[in-house]
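# Descriptive analysis of the structure
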Amino acid sequence: MEWIDICVNLTHESFRRDRDAVIERAAQAGVRWMLVTGSDETESRRCLELAAQHPDRMRATLGVHPHHASQWQERTGYRFAEDAAHPLVAAMGEMGLDYYRNHSTPAAQRHAFEAQLELAADLGFPVFLHEREASGDFGDILARYRDRLPNAVVHCFTSDAAALDRYLEMDCHIGITGWVCDERRGQDLQALVPRIPDARLLLETDSPYLLPRTLPKGLPHGRRNEPAFLPHIAEHVARLRGASVAALAARTSANAAAFYRLPGSTA
Ligand SMILES: [Zn+2]
């Protein structure tokens, strides 16, 4: 079985000392491809450099996370447009709205989000989206650009049924993380996971964040999530959907390969 992890923050500080070992363990666990996620201008450049060291395992995304939206400048857009010419850039993002934390003001978040959607539409890139406690504004803004975007994934989906329906109506993909393994706060999501159509489902660890709470005891992780744990999340998702793990692997890998136009994708 092979898997594709659509969100690995591999340039994160917590991977600095043993990144090669993390990459190796991902391969051992069957994770064929990793999408290395950019969260600001500097980090996005690092993601691209890392992907360039592992072009047969990784693709990069370029984006400014809503937490860092206040850093967005016109210059950032020019730089992303330049870097996007690199063949290892597979999507624009992470971008979106996060009114749960509001590390940047909502107005700054909306501005950076729209600027990046505009850029992705102009360049013809799929988008990697973050939404937390902001489904109203997020859906309204995305709706204005959706027709001009080849593909869009709402990553780490944790919102409600109404938001899920709206995103699916806009033909978005839905990314599911180890949040779904949480026996308490994951309950609402567990109920919604079976409603995602096969063709729209993508899987992700969001490493080093969101360590699945159901990992077997004794695994040496030090509270840090890593891409090798993706099959564990997938087992949980397969059970919720009444699907076999092998079928889920084949389906979600085909979805991700098509979404990110990975080599060997038939779509
Ligand atoms: Zn996110």
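Being a predicted model, the structure only gives us computed values, none of them experimental.

About the thresholds
Residues numbered from 1 in each chain as written. Predicted model: local features only at pLDDT ≥ 70, side-chain atom pairs only at ≥ 80, totals over all residues. Heavy atoms only, no water. Pairing = 2+ DSSP bridges. Helix = DSSP H or I, 4+ residues; strand = E, 2+ residues; numbered from the N terminus. Axes fitted to C-alpha atoms, helices over the stretch in contact; angles between N-to-C directions. Phe/Tyr/Trp six-rings, centres within 6.5 Å; stacked < 30°, edge-to-face > 60°. Buried < 20%, exposed > 50% of the residue type's maximum accessible area, 1.4 Å probe, protein only. Lys NZ or Arg CZ within 6 Å of the ring centre and 35° of its normal.

### Side note on the sheet that holds strand S4 (residues 89-98)
As summarised here, the arrangement of the eight strands in space is S1-S2-S3-S4-S5-S6-S7-S8, forming an open sheet in which the pairing is parallel. This sheet does not close on itself; its edge strands, each paired only once, are strand S1 (3-8) and strand S8 (201-203). Strand-to-strand twist of the sheet, defined as the mean angle between neighbouring strand axes without regard to direction, takes the value 30 degrees. In the sheet, S4 pairs with strand S5 (residues 127-132) via five bridges, with the strands oriented parallel. Note on S5: the bridge partner recorded for Met95 is Leu129.

### Let's talk about the packing of aromatic side chains
A complete count under the given rule lists five aromatic pairs for this structure. Arranged with centres 6.2 Å apart and planes meeting at 90 degrees, the rings of Phe157 and Tyr167 form a pair that is edge-to-face. Here Phe157, found in the loop between strand S6 (152-155) and helix H6 (161-169), pairs with Tyr167, found in helix H6; they are ten residues apart in sequence, far enough to count as distant. For the residue pair Phe157 and Tyr167, the accessibility class agrees, reading buried in each case. One aromatic cluster is present, built from ring pairs that chain together Phe113, Phe138, Phe157 and Tyr167. The ring of Tyr100 carries Arg132 above its face, with NZ or CZ at 3.7 Å from the centroid. Between the NZ or CZ atom of Arg185 and the centre of the ring of Trp179, over which it lies, the distance is 3.7 Å.

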